[in-house]
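Residue-level structure breakdown
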Amino acid sequence: MPNKNSKKRGGGRTSDNAASVVQPRPRNDDDESVADNWSTQSVASDDTSWPGSDPVTGDEAEDTTEQENFEDKFIECLDGTLQKSASARVTALQNIQRALQKKYFADFLWDRKETVTDNVMRCLKKGKGNEQAAAAACLSLVALQLGPEAEGVFTSCQAYLTTLLADNATSVAARGACAISLSTMCFVCCNDYEVIRSVAKSLENIFSRGYGKGENSPSVSPDQSWLMSQALSAWCLLLTITAAYDVNTHVENHLGPLQDLLRSSDVDLRMTAGEAVALLYELARDNDEDFEDEENEAALCDLLKQLATDSVKHRAKKDRRQQRSCFRDVQRFVVDAESPSETVKVGKENLLELCSWSQKKQYDALCAVLMTGMSAHLKANPLLRDIFDLGAPGLDEYSHTKALTKAQRTFINAAAFKRRTKLRAKHRDKRTVNVNGF
């Protein structure tokens, strides 16, 4: 039974935990790489430097020292999560978050998995606001480091994350972080499809509150719009691995109501809703090539055209530009079935071609978690390289694509994506049969 499951099982520990990963540079930064004097920093510093995340030159002894310094600093920050001061705990969590983003070190983390999980969960339960948000972010990063081997971490924290997500008394920042953490861990290390369904339903309960609300509705605050955007984005990630037999249910329940979110006054919520519409169309067309939403399609196409050419002056110029770019892609796919095509450069030679909305949503979701560390993880993290079919770390499997045309690269990647989806669909369907007993 086909589905859009492109979740990978190639992550986890690696034998080369001493390897140094080049830290990706933020966009528009000058070409410079300066070694940080991390030893002068303390856990309470807001800008901890992480040895081993910058380019390292020298002999093997220097590389080993660099790795040891990194590990010592991580342990120091881990101890910092036990401090009495809330601000000190937040700073320690943020430093842990930056370390997990900048460098892949699954072997070192595996040996301390229980300690890391216990300390972060203690902050999640004891803290408020920013502390809970930082703790939830750390959990999703631990899952990306350990891959499928983090299933126990997810099992231990799923219930509490779900409770916080649904709790209106919890800060919006913490609830948004919980939404992203739940979906990321489900995507990476959950094999129980019923659990994935349950998490998806919890996310639906958040963003569906915007259904029936028009533009500038007084009942939807900016904070609530942001939370709905986070929940909808997290839901889209899980939608990429949903079973084929659930696709029609999602289309019937959400394709029409999502038009209400397209009229939201919040640009991020509008764009996330547009991408969700495109993703639903892609999944529906995979099941039925002649799929059409006769009831809502005419109104939807008019709305997409309006958003793709929006020039309303009361919106910020940057927002209008981002919105038009997003909805031009959505409109082309819904009306003309033209899939998005985006090329990401990985290292000096490798090219990653994103040729479907499912791939694009997976890449965007992981980028939102790893931020500037996405490039480093694409080079060294077996899980991410498996998800995007880049081969084992250190292999230049994609270097030959520079000699191919864009159409050839798109065809090769689309064929590989469909092949991986079918293989993983068989595995998931077998598990579902065992769970449901039929």
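To be clear, the structure that these remarks concern was listed above.
Our subject in this report is the structure included herewith. (Residues numbered from 1 in each chain as written. Predicted model: local features only at pLDDT ≥ 70, side-chain atom pairs only at ≥ 80, totals over all residues. Heavy atoms only, no water.)

With that settled, consider the environment of Glu342. Within the element layout of this structure, Glu342 appears in strand β1 (residues 342-346). A relative accessible area of 32% places Glu342 in the partly exposed class. Taking C-alpha positions, Glu342 is 5.1 Å from Leu354, a pair spaced 12 residues apart along the chain. Contacts of Glu342, omitting those with residues within four sequence positions, involve Leu352, Glu353, Leu354 and Lys360. (Helix = DSSP H or I, 4+ residues; strand = E, 2+ residues; numbered from the N terminus. Buried < 20%, exposed > 50% of the residue type's maximum accessible area, 1.4 Å probe, protein only. Contact = heavy atoms within 4.5 Å.)

The first and last C-alpha atoms of helix α12 (residues 267-287) sit 31 Å apart over 21 residues, in line with the 30 Å expected at 1.5 Å per residue. The N-terminus of α12 is capped by Asp266, whose side-chain oxygen sits 3.1 Å from the backbone nitrogen of Asp268. (Expected span 1.5 Å × (residues − 1). Polar contact = N/O pair within 3.5 Å; in protein donor to acceptor, adjacent residues only side chain to side chain.)

To continue, consider the environment of Arg321. Within the secondary structure layout, Arg321 lies in helix α14 (residues 317-336). For Arg321, a relative accessible area of 47% gives the class partly exposed. With 12 residues separating them in the primary sequence, Arg321 and Thr309 have C-alpha atoms 9.4 Å apart.

Further remarks concern unusual backbone geometry. Leaving glycine aside, a negative phi is the common case for residues, and trans is the common case for peptide bonds. In this model, Ala337 sits at a positive phi of 60°, which is unusual for a non-glycine residue. Residue position: Ala337 is located in the loop between α14 and β1. On the basis of relative accessibility, which here comes to 46%, the residue Ala337 falls in the partly exposed class. The backbone of Met371 sits at a positive phi, close to 55°, despite the residue not being glycine. For Met371, the location among the structural elements is in the loop between α15 (357-370) and α16 (374-380).

With that settled, consider helix α5 (residues 130-146). End to end, α5 covers 25 Å across 17 residues, agreeing with the expected 24 Å (1.5 Å per residue, within 8%). Buried residues dominate α5, accounting for 16 of its 17 residues. Note on α5: the residue one or two positions beyond its end, Gly147, has a positive phi of about 70°.

In contact at an axis separation of 14 Å, helix α8 (residues 193-207) and helix α10 (residues 244-254) are set at 10° when each is read in the N-to-C sense. Between α8 and α10, the crossing angle belongs to the class labelled roughly parallel. Every residue of α10 that contacts α8 at Tyr193, Arg197, Glu204 and Phe207 is listed here: Tyr245, Asp246, His250 and His254. Among the residues forming the contact of α8 with α10, the class breakdown is 3 nonpolar, 2 polar and 3 charged. (Axes fitted to C-alpha atoms, helices over the stretch in contact; angles between N-to-C directions. Parallel < 35°, antiparallel > 145°, perpendicular 65-115°, else oblique. Nonpolar A, V, L, I, M, F, W, Y, C, P; charged D, E, K, R; others polar.)

Glancing now at the pattern of salt bridges. Counting across every chain of the model gives 11 salt bridges. Across the salt bridge formed by Glu194 and Arg197, the nearest N and O atoms sit 3.2 Å from each other. Of this pair, Glu194 and Arg197 are both found in helix α8, 3 residues apart, which corresponds to roughly one turn of the helix. Classification of Arg197 as partly exposed rests on a relative accessible area of 33%. Between Arg197 and Asp246 there is a salt bridge; the shortest N-O distance is 2.9 Å. Taken together, the residues span a long stretch of sequence, with Arg197 in helix α8 and Asp246 in helix α10 at a distance of 49 residues. Owing to a relative accessible area of 10%, Asp246 belongs among the buried residues under this scheme. Three or more residues are tied together by salt bridges with common partners; here these are Glu275, Lys360, Lys361 and Asp364. (Salt bridge = Lys/Arg side-chain N within 4 Å of Asp/Glu carboxyl O.)

Read these as spatial facts, not as claims about activity.
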